[in-house]
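A look at the structure
Residues per chain, in single letters:
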Amino acid sequence: MRPTVSEQLSGAARLLSEVVGPEIDDPYVGDVLAGVVTTLELLAEGWTQVAAFLVWDIEATRRVLELVGVEDLPAAGDPLDVAALQNRHTRVRALLERAMPDVGAHPEARTAVAALFRERADRYPIPTRPWRGPVADTTR
């Protein structure tokens, strides 16, 4: 399929940057546009890895939850159904949130969840990065 999703996102970023950007005089609006362009570029680079990340994170979170006796997890579904995968991920992360008092009280689980959070940040497929301009003035 052409253009690919990545090509469409990159193309939209390029059009905004090259066509819309030069027409903007207001620094705040230009800063907001730079943020949108950066976000589109990040999505173009990372969207293909989102499903694999979600599958990994669900499994890694499941292992932490098992350490504190939480075993009633949402059933795995079609890994190609990204909406269902996102829903399962949200439900598993909610279980972890509710289990955090137990995780905190269990030394092995506490160590495992800290490692999970570090590795999760390293693996996240759409990282943040500063855009090309100054940070937007949110007081405007």
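Up top is the structure these notes are about.
Okay, so let's go over this structure. (Residues numbered from 1 in each chain as written. Predicted model: local features only at pLDDT ≥ 70, side-chain atom pairs only at ≥ 80, totals over all residues. Heavy atoms only, no water.)

**Quick word on the overall build of the chain**
Quick note on the threshold: Runs of E in the DSSP output that reach at least two residues are strands. Runs of H or I that reach at least four are helices, and both are numbered from the N terminus. Note that the radius of gyration is over C-alpha atoms, with the globule rule given as 2.2 Å times the number of residues to the power 0.38. With a 1.4 Å probe rolled over the protein chains alone, any residue whose accessible area is under 20% of its type maximum counts as buried; one over 50% counts as exposed, and the rest are partly exposed. Contacts between residues were defined by any pair of non-hydrogen atoms, one from each residue, lying within 4.5 Å.
Within the chain, the regular secondary structure consists of five helices and zero strands. Scanning the chain from its N terminus toward the C terminus, one meets helices and strands in the order α-α-α-α-α. The globule rule puts the C-alpha radius of gyration for 140 residues at 14 Å, and the 20 Å found for the chain is more than 25% above it. Every one of the 140 residues in the chain was classed for burial, and the buried ones make up 29%. The contacts in the chain between residues at least 6 apart in sequence include a share of 76% that link residues at least 24 apart.

**Here we look at the environment of Arg91**
Structurally, Arg91 can be placed in helix H4 (residues 82-105). In the structure, Arg91 is positioned 33 residues away from Ile58 in sequence and 9.5 Å away in space, judged by C-alpha atoms. Setting aside residues up to four positions removed in sequence, Arg91 forms contacts with Pro74 and Ala75.

**Some remarks on the environment of Leu96**
Along the chain, Leu96 turns up in helix H4. Not counting chain neighbours up to four residues away, the residues in contact with Leu96 comprise Thr61, Val64, Leu65, Val103, Val113, Leu116 and Phe117.

**So, the pattern of salt bridges**
Cut-off, in case you're wondering: What counts as a salt bridge is simple: a side-chain nitrogen of Lys or Arg found within 4 Å of a carboxyl oxygen of Asp or Glu.
Applying the stated criterion across every chain, the model contains seven salt bridges. Across the pair Glu7 and Arg2 runs a salt bridge, and its minimum N-O distance is 2.4 Å. With a relative accessible area of 67%, Arg2 lands in the exposed category. Across the pair Arg63 and Glu59 runs a salt bridge whose closest N-O atoms are separated by 3.4 Å. Note that Arg63 and Glu59 are positioned in helix H3 (residues 50-67) at a spacing of four residues, about one turn of the helix. The exposure class of Glu59 is partly exposed, given its relative accessible area of 32%. One connected set of salt bridges, linked through shared partners, spans Glu59, Arg62, Arg63 and Glu66.

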